[in-house]
Amino acid sequence: MAIGQEKGISFEHNTTWAKVKEKAKAENKHIFVDAFTTWCGPCKWMAANIFPQEKVGTFFNENFVNLKIQMDETPEDNEDVKSWREEAKRFAKDYKVAAYPTFLIFSPEGELVHRIVGGGEADQFIALAKEGLDPNTQYETLVKKFTEKPNDKAIAIAMAAAAEKAYDRDMTAKAIESVINNSSADELLQDDILKLISKNVGKPGSKAFNTLLENKEKVDAKLGAGKTDQILSVSIINSEIAPVVMKSEADIFDKTVAEVSKKYPNVSLTNSIASFKPNFYARKQNWPAFRDAVQAYINIDPAKVNAAQLNSFAWAIFENCDDPSCVESALAWSKKSLESENDPALMDTYANLLHKVGKTKEAIEWQEKAIAAVDEGSKAEYQATLEKMKKGEPTWTK
């Protein structure tokens, strides 16, 4: 680990923000800040797999003064981490750090010029960091340009793309509104602008939403039949249906959908609702309703439901529901998944469900097939399941 870290990014320790800025200015380097939390999986992955790489270290050490700031607080924090707690709060507030990992890039003078949200493989991450060194691609620099010239369509397009990448939803919405306001009807349907708008519709009533709604036929001609309904219905569900049904203790799903649908007679919600409904009932832990919702979703177009989806639905029932009718439905979905793919994970699901309905002899046969096909790293886990089946023990949590 020590050797790997020497080759990788060299981070400052036992220092202050003032000293970091002083060093950056003296060495004429930008400042790279990894704003992370102890509970963030992607943060840990970047620290273990990307930062120690030699090529990553070479690039970052040559171009940046590098700093890590822990954004959460734990009882195990050492004195160095504790000394940054107030600064961490300021970073979260002043630089709008709300998702993790967030990587901030400052100029040698300590001015924020760029942000990267989320990690990536080494080459991709280096490329993203390079954007933070170029005034033409620096995020915060683009924000300043856009603020100064909000009606410049070229700047607005660049701003929208950059804001989308930075997960800055408010700025994305502002930039897209500017693009729409400063484009003709024909320009809005150009491939690059239409792609940007369709990916960032925002809430119903937004300019992006209304632009797609008013041009449904033309948008479908560009993106594919039914695509506009799909995009708009997701916006409607996220804004006006999901928040209502999720906070209600009573089951008002169908009632809410019917009421909201009346507000948007020109948008078909059917397919998106069918897709959302199983997720809703899974989160509500209503497994009989989940079973019915899944079956309704499958019935719309069985050919479009792939093996992985069927397996996911079936495994959710296996793990969470003992109702015989639910388990039988899950068994049917699992069996269907095996018609198109011969994957050991699918076999394992099918075997577990067979065991749960009491068909243990058949379950053992399928589990043995799964063990024969699975990679070496998973054989022990699959074998343990097989041993439970042979002993007549449940393989599910009771």
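Residues numbered from 1 in each chain as written. Predicted model: local features only at pLDDT ≥ 70, side-chain atom pairs only at ≥ 80, totals over all residues. Heavy atoms only, no water.

Labelled according to an unreviewed UniProt entry, the protein chain appears under the name Thiol reductase thioredoxin, originating from Sphingobacterium mizutaii NBRC 14946 = DSM 11724.

All chains considered together, the criterion is met by 1 disulfide. Across the disulfide, C40 is cross-linked to C43 (sulfur-sulfur distance 2.4 Å). Taking the sign of the S-S torsion, 85° for the link of C40 and C43, the bridge is right-handed. Taken individually, C40 and C43 each receive the classification buried, so the pair is uniform in this respect. Free cysteine: C321, not disulfide-bonded; nearest cysteine sulfur from C326 at 3.5 Å. For C321, a relative accessible area of 5% translates into the label buried. (Disulfide = S-S within 2.5 Å. Buried < 20%, exposed > 50% of the residue type's maximum accessible area, 1.4 Å probe, protein only.)

The subject of this paragraph is the sheet that holds strand β3 (residues 102-106). Taken in spatial order, the 4 strands line up as β2-β1-β3-β4 in an open sheet, and their pairing is mixed. Of all the strands in the sheet, just β2 (64-70) and β4 (112-117) have a single pairing partner and so form its edges. Neighbour-to-neighbour, the strand axes of the sheet open up by a mean angle of 20°, direction not taken into account. Strand direction decides the pairing type here: β3 and β4, joined by 5 bridges, are antiparallel. In the strand pairing of β4, T102 is matched with V117. Along the sheet face, helix α2 (residues 17-27) touches β1 (30-36), β2 and β3 and points at about 165° away from the line of β2. (Pairing = 2+ DSSP bridges. Helix = DSSP H or I, 4+ residues; strand = E, 2+ residues; numbered from the N terminus. Axes fitted to C-alpha atoms, helices over the stretch in contact; angles between N-to-C directions. Contact = heavy atoms within 4.5 Å.)

With that settled, consider the side chain of H30. Looking at where H30 falls in the secondary structure, it is placed in strand β1. Classification of H30 as buried rests on a relative accessible area of 15%. Beyond its immediate stretch of four places on either side in the chain, H30 contacts N63, F64, V65, I105, F106, S107, P108, V113, G132, L133 and Q138.

In this section: the packing of helix α21 (residues 344-356) against helix α22 (residues 360-373). Relative orientation of the contacting elements α21 and α22 amounts to 165°, with a least axis distance of 8 Å. Considered as vectors, α21 and α22 are oriented roughly antiparallel to each other. Crossing geometry of α21 relative to α22 is assigned as left-handed. Judged by residue contacts, P344, M347, D348, Y350, A351, N352, L354 and H355 of α21 engage T360, E362, A363, W366, Q367, K369, A370 and A373 from α22. (Parallel < 35°, antiparallel > 145°, perpendicular 65-115°, else oblique. Left-handed = near helix turned anticlockwise from the far one by under 90°.)

Those residues of helix α8 (residues 139-148) that fall on the buried side of the exposure criterion are Y139, E140, T141, L142, V143 and F146. Buried residues along α8 sit against β4, α9 (153-165) and α10 (169-181).

A cis amide bond, omega -5°, links Y100 with the succeeding residue P101. On the secondary structure map, P101 appears in the loop between α6 (85-94) and β3. Look at N14: it is not a glycine, yet its phi comes out positive at around 50°. Of note, the phi angle at K96 is positive, near 55°, even though the residue is not glycine. Here K96 shows up in the loop between α6 and β3.

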